[in-house]
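Okay, here's what each chain looks like letter by letter:
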Amino acid sequence: MLNMRVLQLDVPADSEASPRRNVPGSVSSPLMNGEKALFRNQNAAFTALASPVRREIGNRSLTRSFCVDDNDLEDGKASKERESSAQSLRLPKIQNQAFLSGLAYCISSCSMILVNKFVLSGYGFNAPVFLMLYQNIVSVTIVSTLSLSGAVPTEPLTWNLIKVWLPVNIIFVGMLITSMFSLKYINVAMLTILKNVANVLTASGETYFFKKQHGTQVWIALMLMIISAVAGGITDLSFHAVGYIWQTLNCFLTASYSLTLRHVMDTAKQATKSGNLNELSMVLLNNVLSLPLGIVLVLGLNEVEYLLETPLLRMPEFWLVITASGVLGLGISFTSMWFLRQTSATTYSLVGSLNKIPLSIAGIVLFNVRTSMQNSLSILFGLLAGVFFARAKLRDNSPT
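Residues numbered from 1 in each chain as written. Predicted model: local features only at pLDDT ≥ 70, side-chain atom pairs only at ≥ 80, totals over all residues. Heavy atoms only, no water.

Asker: Help me out: how do you make sense of the overall build of the chain in this one?
Answerer: Counting its regular elements, the chain contains 15 helices and zero strands. Surface summary for the chain: the accessible area is close to 15,000 Å², and the carbon and sulfur share equals 67%. (Helix = DSSP H or I, 4+ residues; strand = E, 2+ residues; numbered from the N terminus. Areas by Shrake-Rupley, 256 points an atom, 1.4 Å probe, with all protein chains shown as cover.)

Structural data, given as C-alpha cells:
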C-alpha cells in the first residue's frame, strides 16, 4: 500500500507509510556506533517500503508517509552492510545503474500514491481497509515466493520475533489505514504537505524521549513545514474536515511508528536466528502480521456488506489495478535498496524530497484538483521546506 510495509518512514521514503508504505529522522538509541548507523540505514529503506502513501511516504513510509524519504545519513560500515543486503537481490549488470535505479524508485513511489488515489477516488472504492489487506496479501505472496526460491534472504518468523514485533505492527496497520482514509478525501499535493507534520512530531519525540539534539536549521525547516501545512489547509479549495482529521491521526501514528520502531529494532534482532533483520524480513513480518488484524477490521467496519454489493469486484480491470498497486508497493522496497546500493544516503534523501514536487504536480493535473494561487504557493513552500529539512538533517548527522 501506500509503504509493502515497513513509506523514510518522508515515507516520505515518499509516502511514507509506504507504509506505506513511507523515512523519519534518526534518533538516539541504545545501539552502539556501527550498529546505530546500520539501523538508521535499514530503517530508511524500510520506511520507504512500508507505507503505501509513504511508498507513497511513506511512510509506506512509511509510510516516510510515508516520511522516510527525508532522512538519515549513514557511515562507512552502514554503507557496506547496505551493499551486502542489496547484493542479495543479484541484480544484473546494467550500465548507468545509478540513474536507472533512481528513476525506478521515483516512478514506483509516485505511481503507488497515484494508483491508490485513483482506486479510492476515481473508482469511488469505499473499502480502504480491504484495499490495504489485499495489497499486503500481494506483498506477502511475492516475497514468500522469492524467499522460498532462494532469490532473496528473509528471517524465519518465529514466535519470539512475532511477540516482539506485534506492538509495532499494530501501529503500522493503523498508519496504513488512516493513510488510506485521508487519501480518499484529500488531494495528493495537500496530502504530501500535510505529511510533513509527521516530521515535526518525530523530531519532537526524538528530543523528548531519546534526548536527540537537532540543529537550528532543522527546527527552522520544521517551523516552515508547519506554516506551509496551516497555510495550505486554509487555502485548500477542496478542504474536507474528515480527511484532515484522518491525516492528523496518521501523522501521530507515523511518528509513533518511527519512534517505537527504533526502540524495538535491537530487541527484534536478538529474537532472530541470525541476529540480524534485513529490510525484506521486516516487510514480510509487517505484512504477515497485518493480515489477521486486517481481516478483523474488514469485518468490524462492515466492509464485507459493501464488498458483496459493489460491482467493482466483478470487473477484471479493477482487480488488475489493485493488484498493480500491491506490486508497486513492493517495488518501492526493491528499487529503494537498488538505489541505495548505487548511490549514497545523501542522494537518496534529497531525491526522495525532490520527488514530491512532480508527485504533487501530477496529483493536481491527473485528478483535476481545483486550486488557487495562494494554495499553489503554500504547496510549493512546503515542498521546498521538505528539501531544506532533508539537507539540514543530513548536515546534522554528518560526522564533524
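Read on, since the account is not over.
Asker: Sorry, what's going on with the environment of Leu 280 here?
Answerer: The topology assignment puts Leu 280 in helix 10 (residues 279-300). For the pair formed by Leu 280 and Leu 330, sequence separation is 50 residues and the distance between their alpha carbons is 9.5 Å.

Asker: Any chance you could explain unusual backbone geometry here in plain terms?
Answerer: Trans peptide bonds make up the majority, and among non-glycine residues the majority have a negative phi. Phi at Asn 302 is positive, roughly 60°, even though this residue is not glycine. You can see Asn 302 is positioned in the loop between helix 10 and helix 11 (303-309). Positive phi, close to 50°, is recorded for Asn 368, a residue that is not glycine. Within the secondary structure, Asn 368 sits in the loop between helix 14 (356-366) and helix 15 (373-397).

Asker: Looking at this model, I keep getting lost on the nonpolar core. Mind explaining?
Answerer: For soluble globular proteins, the rule of thumb is that nonpolar side chains tend to be buried together. Among the nonpolar cores identified, the biggest contains 64 residues, and Val 119, Phe 125, Phe 130, Trp 165 and Phe 318 are the most heavily contacted of them. Mapped onto this core, the elements with two or more residues apiece are helix 3 (97-122), helix 4 (128-148), helix 5 (159-185), helix 6 (188-194), helix 9 (241-270), helix 10, helix 12 (316-342) and helix 15. Apart from residues no more than four positions distant in its own chain, Phe 318 is found in contact with Val 119, Tyr 123, Phe 125, Leu 312 and Leu 313. (Core = buried A, V, L, I, M, F, W, Y, C linked by side-chain atoms within 4.5 Å. Buried < 20%, exposed > 50% of the residue type's maximum accessible area, 1.4 Å probe, protein only. Contact = heavy atoms within 4.5 Å.)

Asker: Explain the pattern of salt bridges here, please?
Answerer: Note on pairing: side chains with opposite charge can pair once their charged atoms come close. Following the criterion strictly, the structure yields one salt bridge and no others. Measuring nitrogen to oxygen at the nearest pair gives 4.0 Å for the salt bridge that ties Glu 206 to Lys 393. With a gap of 187 residues between them, Glu 206 in helix 7 (residues 196-210) and Lys 393 in helix 15 connect regions that are remote in the sequence. By relative accessible area, Glu 206 is classed as buried at 1%. Take Lys 393: its relative accessible area is 1%, and that puts it in the buried class. (Salt bridge = Lys/Arg side-chain N within 4 Å of Asp/Glu carboxyl O.)

Asker: Just to check I follow, could you spell out the side chain of Ser 109 for this structure?
Answerer: By secondary structure assignment, the location of Ser 109 is in helix 3. Among the polar contacts listed, one links the side chain of Ser 109 to the backbone oxygen of Cys 106, at a separation of 3.1 Å. (Polar contact = N/O pair within 3.5 Å; in protein donor to acceptor, adjacent residues only side chain to side chain.)

Asker: I keep staring at the packing of aromatic side chains and nothing clicks. Help me out?
Answerer: Tallied over the entire structure, the rule returns 13 aromatic pairs. Measuring from centroid to centroid gives 6.3 Å for Phe 125 and Phe 130, while their planes differ by 65°, and the two rings are edge-to-face. Residue classification places Phe 130 among the buried residues on the basis of a relative accessible area of 15%. Pairing Phe 181 with Trp 246 gives two aromatic rings, centres 4.4 Å apart and planes at 10°, and the pair type is stacked. (Phe/Tyr/Trp six-rings, centres within 6.5 Å; stacked < 30°, edge-to-face > 60°.)

Asker: Please clarify how helix 10 should be interpreted in this entry.
Answerer: For an α-helix the count is 3.6 residues per turn, leaving residues at separations of three or four pointing the same way. In this model, helix 10 (22 residues) spans 31 Å end to end at C-alpha, consistent with the 32 Å of a helix rising 1.5 Å per residue. Of all bends in helix 10, the biggest is about 35°, found at Leu 291, and the proline Pro 292 comes one to four residues later. Between the side-chain oxygen of the N-cap and the backbone nitrogen of Leu 280 there are 3.4 Å, and the N-cap of helix 10 in question is Asn 278. One or two positions beyond helix 10, positive phi appears at Asn 302, with a value near 60°. (Expected span 1.5 Å × (residues − 1). Bend = angle between axes of the 7 residues up to and from the residue.)

Asker: Can you help me understand the confidence of the model for the chain in this one?
Answerer: Do not read the fine detail of predicted coordinates wherever pLDDT is low. Put simply, the chain has an average pLDDT of 78, and 75% of its residues get 70 or more. Here residues 1-92 is a poorly scored stretch, pLDDT under 50, and it has 691 contacts once near neighbours within four places are set aside; other chains count. (pLDDT = per-residue confidence, 0-100.)

Asker: Is there a simple way to think about the state of the cysteines in this case?
Answerer: Such a bond, covalent and formed between the sulfur atoms of two cysteines, is termed a disulfide. This structure, assessed with the given rule, holds zero disulfides. Cysteine Cys 106 remains unbridged, with the sulfur of Cys 110 as its closest cysteine sulfur at 6.4 Å. (Disulfide = S-S within 2.5 Å.)

Asker: Just checking my understanding: could you explain the side chain of Asn 250 for this structure?
Answerer: Take Asn 250: it is sitting in helix 9. Residue classification places Asn 250 among the buried residues on the basis of a relative accessible area of 1%. In terms of polar contacts, Asn 250 uses its side chain to reach the side chain of Lys 195, at 3.1 Å. Excluding its chain neighbours within four sequence positions, the residues that come into contact with Asn 250 are Met 175, Thr 178, Ser 179 and Lys 195.

Asker: Please clarify how a nonpolar patch on the surface should be interpreted in this entry.
Answerer: On the surface, Phe 99, Leu 100, Leu 103 and Ile 107 cluster together to form a nonpolar patch covering roughly 370 Å² of accessible area. Structurally, the position occupied by Ile 107 is in helix 3. You can call Ile 107 partly exposed: its relative accessible area is 47%. (Patch = residues over 30% accessible without salt bridge, like charges linked within 9 Å, V, L, I, M, F, W, Y side chains within 5 Å.)

Asker: Hey, could you run me through the environment of Gln 213 in this one?
Answerer: Residue position: Gln 213 is located in the loop between helix 7 and helix 8 (216-235). Residue classification places Gln 213 among the exposed positions, given a relative accessible area of 62%.

Asker: Whenever I open this one, the packing of helix 7 against helix 8 confuses me. Can you help?
Answerer: Packing of helix 7 against helix 8 leaves a shortest axis separation of 9 Å and a crossing angle of 140°. For the pair helix 7 and helix 8, the crossing hand works out as left-handed. On helix 8, the residues that touch Asn 196, Val 197, Asn 199, Val 200, Ala 203, Ser 204 and Thr 207 of helix 7 are Trp 219, Leu 222, Met 225, Ile 226 and Ala 229. Broken down by class, the residue content of the contact of helix 7 with helix 8 amounts to eight nonpolar, four polar and no charged. (Axes fitted to C-alpha atoms, helices over the stretch in contact; angles between N-to-C directions. Left-handed = near helix turned anticlockwise from the far one by under 90°. Nonpolar A, V, L, I, M, F, W, Y, C, P; charged D, E, K, R; others polar.)

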